[in-house]
Amino acid sequence: MIGSLTSTDHKRIALNLGLMSLFYFVLGGCFALMIRTQLAVPGGTFLSDQKYNEIFTMHGSTMIYLFVTPMSLALALYLVPLQIGARAVAAPRVALTGFWMWIFGGLIMQSGWLSTGGPGQDGWFSYAPLSSGTYTPGWGMDMWVLGVDLAALGMILIAVSVALTIARHRAPGMTTLRMPVFTWTALVSVLMVIAAFPMLVVVMSLLFIDRHGAHIFVNFQGSVDYQNLFWFFGHPVVYVMFFPYLGCAAEAVAANAHKRWFGYMAFVLSMMSFSVLSVSVWGHHMFVTGGVTNQYFAFTSTLLIVPAGIEYFDLIGTLLGGAIVMRTAMLFALGFFVQFLIGGASGIWTASPVLDYHAYGSYFVVAHFHYTLFAGSVFGFFAGVYHWFPKVTGARLREGLGKVHFVLLLIGTNATFFPQLILGYDGMPRRIANYPTHPGWQLLNDISSVGAGIIAVGVAVFLANLVVSLRRREAAGDDPWEGQTLEWWTTSPPPRFNFERPLPPITSYAPLLDLRERAAELAERAQEAQPRGAEV
Ligand code: HEM
Ligand SMILES: [Cu+2]
């Protein structure tokens, strides 16, 4: 046990990181259920106003700093070395140190619950001067700020290790333009962590100093300064929370359509333009402040449609003519793409200043980002889990339970978040513990709360599936899906140094598919070369 916590095997570190992130997903989900219980009726009394603020802040910040972002790094840390044919990661101790910093960061953040003032209360982005010592005194908030700071530093270290691995440890023949699709999504993510997370460390450190007497972020200008700094990190991070899950969905689609991912070069270019654009759009969070040039940020934000459109062309190209098998991983992957479309379409609305004046601070925004984060990223995550579980454990997840899990999540997410689009359009503000009686609002809020319950049942079915599949194992073998990338070449689970037999020739981003196609071609030729009648 202790050995597993100090191991420098990238797979062990990634698994520990992933399991802890999964725990935080469940914890963040419990906070979400408390929010939805409070909002099930107008004038709810389940939580006090103060507790409500703490709960929605801890829900958002647990989900972002302790679940989606670290989980995307865990996937990268586990899979990238296997996909590029590396025996180990570069700088494993840096990754291990990062893991421990993140663990302590998370625990410190949650320790705010032990204080009478409660933990973070000012939303996951903690705008100053509301988060200053004047308005939010108490050490619970200090723990939140320090915890986020430490977790961010830890995630930077993990990202450095993954980036160095890609730079230094690719197998012979694995050129950058032969790296699998998932590895590309992981590469841009870790580069964005390295580029943008230092800003989060700076902002949180400044906020801490501000809270203890320096008063850096005072008055309106101080608030605009804080927001500029924060969103310079805050927008790129949404892509860190998106790319690797897109990679999971893309790999699951390619494997279950028995075709290589269509439009590889366009995909790589779209990843690059996504990441470059993402550091130029932060002001779209600040349209209503009047402190940024709205036209510029609206323009760059709307440009994001171009790379996003490419992903959808690639998806359709891969599906067309494929021999499609509707396994659970495929269902989640398609769910990812379809639901992300709603997230993206509502994003076009919020990227337009005139329309955003109406949507700003309302449930429309809450629905928009949950369609990207929950209905998007989380579905991509589950596609990845069902796809790679056999590689990581040697056992398959149960398909029947998987499909129940999928259906519950599909119904649950849409029931939860679609009514919020309408509520937001109709003017219901976010971050309120109570709403007045208003025609239609209670019904829509009730549907949303019931939806959250359905999601909870779906997640319980998933956890049960994990337990059942590990207890009564159905052996998966090394390559249950006719995999296309190098992780399917090694045993399940992979040995300490990843590959025991020599790697196959790496001829493209789908080397195992190349191998199968060549074998089929040779067999065909051998058949043709046989003299007529020889088979009689
Ligand atoms: C069971 C599923 C979920 C439900 C029912 C849910 C519900 C909610 C609700 C109702 C709010 C608005 C609170 C308010 O403004 O008063 C909220 C905020 C938020 N949620 Fe979720 N959520 C879920 C899952 C997720 C996931 C998976 C993520 C991220 C990966 C996430 C990230 C956030 C963030 C960042 C906020 C903003 C918090 C803030 O305003 O500071 N949620 N959620
Ligand atoms: Cu943004």
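Residues numbered from 1 in each chain as written. Chains lettered and ligands numbered in written order. Predicted model: local features only at pLDDT ≥ 70, side-chain atom pairs only at ≥ 80, totals over all residues. Heavy atoms only, no water.

1. Notes on the site of ligand 1
As a reminder, the rule being used: We call a residue near a molecule or strand as soon as one heavy atom of that residue lies within 4 Å of the molecule or strand. By the criterion applied in these results, polar contacts are pairs of N or O atoms within 3.5 Å in which, for protein atoms, one can donate a hydrogen and the other can accept it, and in which residues neighboring in sequence qualify only through two side-chain atoms. By the criteria applied, helices consist of DSSP H or I runs no shorter than four residues and strands consist of E runs no shorter than two, each listed in order from the N terminus. Asp, Glu, Lys and Arg are counted as charged, while Ala, Val, Leu, Ile, Met, Phe, Trp, Tyr, Cys and Pro are counted as nonpolar; the rest, among them Gly, fall into the polar class.
With respect to spatial proximity, 26 residues lie near ligand 1, and among them Tyr52, His59, Trp124, His370 and Arg431 are the closest. Between ligand 1 and the protein, one listed contact pairs an oxygen atom with a side-chain N or O atom of arginine 430 at 2.9 Å. Looking at the shell around ligand 1, the elements that each hand over two or more residues are helix H2 (10-38), helix H3 (49-83), helix H14 (363-393), helix H15 (399-425) and helix H16 (441-471). Of the residues in the shell around ligand 1, the class split is 18 nonpolar, 5 polar and 3 charged.

2. Some thoughts on the side chain of glutamate 54
Heads up, the condition is: Burial classes: relative accessible area under 20% of the type maximum marks a residue as buried, over 50% as exposed, and values in between as partly exposed (1.4 Å probe, protein chains only). Here, two residues are considered to be in contact whenever any of their heavy atoms come within 4.5 Å of each other.
The topology assignment puts glutamate 54 in helix H3. By relative accessible area, which is 1% here, glutamate 54 ends up buried. Residues within four places of glutamate 54 in sequence aside, it is in contact with Trp113, Gly117, Gly118, Pro119, Gly120 and Gln121.

3. Considering H3
Note the following rule: By definition here, a helix of n residues has an expected span of 1.5 Å times n minus one. What we call the bend at a residue is the angle made by axes fitted to the seven residues finishing there and the seven residues starting there.
Taking 1.5 Å of rise per residue, 35 residues should cover 51 Å, and H3 covers 49 Å from first to last C-alpha, within 8% of that figure. Where H3 bends most, the angle comes to about 35 degrees, and this point is methionine 63. The buried count for H3 comes to 31 of 35 residues, which makes it a mostly enclosed element. Of the residues one or two after H3, glycine 85 is the one with positive phi, at around 75 degrees.

4. Quick notes on the coordination of the copper ion (ligand 2)
This is how it is decided: Coordinating N, O and S atoms are those within 2.8 Å of the metal (3.2 Å for Na, K and Ca), and as water is not part of the atoms, a site may appear to have fewer donors than expected.
Summarising the metal site, the copper ion (ligand 2) is bound by the protein donors His235 (ND1), His284 (NE2) and His285 (NE2), whose distances to it range over 1.7 to 2.0 Å. Linear spacing of the donor residues for the copper ion (ligand 2) on their chain is H-x48-H-H. Of the two residues, histidine 235 sits in helix H7 (residues 219-240) while histidine 284 sits in the loop between helix H9 (264-278) and helix H10 (294-303), which places them 49 residues apart along the sequence. Look at histidine 284 and you get buried, because its relative accessible area is 14%.

5. A short note on the packing of helix H8 (residues 243-257) against helix H12 (residues 328-350)
Put simply, the rule reads: Geometry is summarised by axes, namely lines fitted to C-alpha atoms with helices restricted to the contacting stretch, and by angles between N-to-C directions that run from 0 to 180 degrees. When describing relative orientation, an angle under 35 degrees is termed roughly parallel and one over 145 degrees roughly antiparallel, while 65 to 115 degrees is termed roughly perpendicular and anything else oblique. Each crossing gets its hand from how the near helix is turned against the far one by less than a right angle, where anticlockwise is left-handed and clockwise is right-handed.
Axis separation between H8 and H12 bottoms out at 9 Å; the angle between their running directions is 130 degrees. When the interaxial angle is binned, H8 and H12 end up oblique. Here H8 runs over H12; the crossing is left-handed. Along its contact with H8, which presents Tyr245, Leu246, Ala249, Ala252, Val253 and Asn256, the element H12 presents Ala329, Met330, Ala333, Leu334, Phe336 and Phe337. For the contact of H8 with H12, the class distribution of residues is 11 nonpolar, 1 polar and no charged.

6. Comments concerning the packing of aromatic side chains
The way to describe two aromatic rings as a pair is by their centre distance and the angle between their planes. The condition is simple: The criterion for an aromatic pair is that two Phe, Tyr or Trp rings (for Trp, the six-membered ring) have centres within 6.5 Å, with stacked assigned to planes under 30 degrees apart, edge-to-face to planes over 60 apart and tilted to the rest. Here, a charge over a ring means that NZ of Lys or CZ of Arg falls within 6 Å of the ring centre while also lying within 35 degrees of the ring normal.
Taken as a whole, this structure holds 56 aromatic pairs when the rule is applied. Aromatic pair tryptophan 124 and phenylalanine 230: ring centres 5.5 Å apart, planes at 75 degrees, arrangement edge-to-face. Of this pair, tryptophan 124 sits in the loop between helix H4 (92-111) and helix H5 (139-168) while phenylalanine 230 sits in helix H7, and the two are 106 residues apart along the sequence. Residues tryptophan 124 and phenylalanine 230 agree in their burial class; the two are buried. Aromatic pair tyrosine 435 and tryptophan 441: ring centres 6.5 Å apart, planes at 65 degrees, arrangement edge-to-face. Here tyrosine 435 matches tryptophan 441 in class, with each residue buried. An aromatic cluster is present here, built from Phe25, Phe67, Tyr245, Phe332, Phe374, Phe379, Phe381, Phe382, Tyr386, Phe406, Phe417 and Phe462 joined pairwise through their rings. Stacked on the ring of tryptophan 489, the Lys or Arg arginine 501 has its end atom at 3.7 Å from the ring centre.

7. Brief notes about unusual backbone geometry
The peptide bond linking alanine 128 to proline 129 adopts the cis configuration, its omega dihedral lying at 0 degrees. Tracing the chain through its elements places proline 129 in the loop between H4 and H5. Of note, the bond from serine 492 into proline 493 is cis; its omega dihedral lies within 30 degrees of zero at -10 degrees. Relative to the helices and strands, proline 493 resides in the loop between H16 and helix H17 (511-529). The backbone of alanine 91 shows a phi angle near 50 degrees, a positive value even though the residue is not glycine. Relative to the helices and strands, alanine 91 is located in the loop between H3 and H4. A relative accessible area of 29% means that alanine 91 is categorised as partly exposed. The phi torsion at glutamate 482 lies on the positive side, around 55 degrees, for a residue other than glycine. Assignment of secondary structure puts glutamate 482 in the loop between H16 and H17. The class of glutamate 482 is partly exposed, set by a relative accessible area of 42%.

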